[in-house]
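Architecture and fold: a report
Read off the chains here:
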Protein chains: 2
Amino acid sequence: MKTITIAAIVGIATLSLTSNAFAQVKPEDQIKFRRAAYGFSAWNMGKIKANLEGTYNAEQVKAAANAIASVANSGLGALFSPGTEKSIGEQKTAVKPELFQKTTEVAKRASDFAAASNELVKAADSGDAAAVKVAHGKVSATCKACHDDFKAH
Amino acid sequence: MKTITIAAIVGIATLSLTSNAFAQVKPEDQIKFRRAAYGFSAWNMGKIKANLEGTYNAEQVKAAANAIASVANSGLGALFSPGTEKSIGEQKTAVKPELFQKTTEVAKRASDFAAASNELVKAADSGDAAAVKVAHGKVSATCKACHDDFKAH
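What you see is a predicted model; the values in this text were computed from it and never measured. (Residues numbered from 1 in each chain as written. Chains lettered and ligands numbered in written order. Predicted model: local features only at pLDDT ≥ 70, side-chain atom pairs only at ≥ 80, totals over all residues. Heavy atoms only, no water.)

Some words on helix α5 (residues 129-150) of chain B
All names here are of chain B. Cut-off, in case you're wondering: Starting at the N terminus, helices and strands are each numbered in turn, a helix being any DSSP run of H or I of at least four residues and a strand any DSSP run of E of at least two. Expected span, for any helix, means 1.5 Å times one less than how many residues it has. For each residue, the accessible area found with a 1.4 Å probe, counting protein chains only, is set against the maximum for its type, and the residue is called buried under 20%, exposed over 50%, and partly exposed in between. Working note: the arc is built from the helix axis to C-beta atom directions. The criterion used for residue contact is that any of the two residues' heavy atoms lie within 4.5 Å. Distance and chemistry together define a polar contact, namely a pair of N or O atoms within 3.5 Å, with one atom able to donate a hydrogen and the other to accept it when in protein, and with adjacent residues in sequence counting only for side-chain atoms on both sides.
With 22 residues, α5 ought to run about 32 Å at 1.5 Å a step, and its terminal C-alpha atoms sit 31 Å apart, in line with that. Along α5, the residues classified as buried are Val-132, Ala-135, His-136, Val-139, Thr-142 and Phe-150. What you see down the axis of α5 is that its buried residues fit within an arc of 115°, all on one side. Seen from the buried face of α5, the exposed residues on the opposite side, beyond 90 degrees, are Ala-130, Lys-133, Lys-138 and Lys-144. Where α5 is buried, its residues touch α2 (27-53), α3 (58-72) and α4 (103-126). Here α5 starts with a cap whose side-chain oxygen sits 3.0 Å from the backbone nitrogen of Ala-130, and that cap is Asp-128.

Overview of the environment of Gly89(B)
Residues and elements named next belong to chain B. Note that Gly-89 resides in the loop between α3 and α4. The class for Gly-89 is exposed, based on a relative accessible area of 60%. When the C-alpha positions of Gly-89 and Glu-28 are compared, they lie 7.9 Å apart, and in sequence the two are 61 residues distant.

Notes on the pattern of salt bridges
Rules: Every case where a carboxyl oxygen of Asp or Glu lies within 4 Å of a side-chain nitrogen of Lys or Arg is listed as a salt bridge.
One pass over the structure, following the stated rule, counts 16 salt bridges over all chains. Across the salt bridge formed by Arg109(A) and Asp149(A), the nearest N and O atoms sit 2.6 Å from each other. In this pair, Arg109(A) is assigned in helix α4 (residues 103-126) and Asp149(A) in helix α5 (residues 129-150), connecting sequence segments 40 residues apart. Residue Asp149(A) is classed as partly exposed on the basis of its relative accessible area of 31%. Between Lys144(B) and Asp148(B) there is a salt bridge, and its shortest N-O distance comes to 2.7 Å. Residue Lys144(B) and its partner Asp148(B) are located together in helix α5, separated by four residues, close to a single helical turn. Its relative accessible area of 44% is what places Asp148(B) among the partly exposed residues. Connected through salt bridges with shared partners, the residues Glu105(A), Arg109(A) and Asp149(A) form a single ionic network.

Here we look at the side chain of Ser41(A)
Residue and element names in this part refer to chain A. Tracing the chain through its elements places Ser-41 in helix α2 (residues 27-53). The exposure class of Ser-41 is buried, given its relative accessible area of 4%. Those residues in contact with Ser-41 that lie beyond four places of it in its chain are Ile-68, Val-71 and Phe-113.

Digging into the confidence of the model for chain A
Residue and element names in this part refer to chain A. Counted only if it meets this: Each residue carries a pLDDT score, the predictor's own confidence in it, on a scale running from 0 to 100.
Residues at a pLDDT of 70 or more form 85% of chain A, whose mean pLDDT is 89. For chain A, helix α1 (residues 6-14) is the element with the lowest average pLDDT, namely 45, and helix α3 (residues 58-72) is the one with the highest, namely 98. Across residues 1-5, where pLDDT falls below 50, the model places one contact with residues more than four positions away in sequence or in other chains. For the stretch residues 7-21, pLDDT sits under 50, and the model shows 33 contacts to residues farther than four places along the chain or on other chains. Predicted complex metrics record ipTM = 0.87 and pTM = 0.88.

A word on the packing of aromatic side chains
Remark: the centre distance and the inter-plane angle together describe each pair of aromatic rings, the angle taken between the planes. Threshold: Whether two aromatic rings pair depends on their centres lying within 6.5 Å, for rings of Phe, Tyr and Trp, where Trp uses its six-membered ring; planes under 30 degrees apart make the pair stacked, over 60 edge-to-face, and the rest tilted.
Using the criterion set out here, one finds seven aromatic pairs over all chains in the structure. Here the aromatic rings of Tyr38(B) and Phe80(B) are separated by 6.5 Å at their centres, their planes lie at 50°, and the arrangement is tilted. Residue Tyr38(B) is found in helix α2, and its partner Phe80(B) is found in the loop between α3 and α4; the two are separated by 42 residues along the sequence. Taking relative accessible area as the criterion, Tyr38(B) reaches 35% and is therefore assigned partly exposed. For Phe80(B), a relative accessible area of 8% gives the class buried. Taken together, the aromatic side chains of Phe40(A), Trp43(A), Phe40(B) and Trp43(B) make up a single cluster linked through ring pairs.

This is the structure in structure tokens:
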């Protein structure tokens, strides 16, 4: 009874999602959607960075923070099912095999990303650019930590 | 003084975003990020559909609705700047040239998507699956309307 999937672990770590609704996503679509999720998050991280370095628009930062948190809390683990370790046709993945083995560590990373993103939302809502800068840095660190260990390039 | 960009129009239509923070996104990244945004939205639309057709998990539906709204309210128009009409290297786009011409219509479509998504969030928060089904259908209709006119395939 030790065959617990990453999907289940990360789901539990983030939002206690049931896996039933995820089961139908084809492996190639899991790769497409997880890349989409991270790409959407990256764009919004970049928007906040640009706001911190240029003119600060509180509404834009709030929307971007919410977008990042919506990614972090979306149950991303469901997009790393067995069968998605390697690229499938046009759907390329840079995931390292270790991600599918170090399930406890991956769950912790996903949980860290979600927690940092939720803090970023709070900072953005406060309108305090200095607080946003700190929170943005913490989210960025959770991205990097996971990429360093589990992304090939 | 009639040179107003789609980015500005759609930004105004959705969140009154300033364009300064967007200006730095390279054309190829605009294509990558807009595909990512729509892909993330599509995954979450699919999650809600699966919940409506299977076991309804209110928390998952709320998270998914929020994710879709975060896409709709993210200022997507900023990712359709001049220079992004055609694929750039590995970044493929299926956008039709009409999108860059019919700016008023595109702004209306973006506004419809945002409004329908915000209603979906309300329905999801209520926990009423029947209301979610109606709201999900309305969001889906705004996706289709735009795809029919402005997406090549």
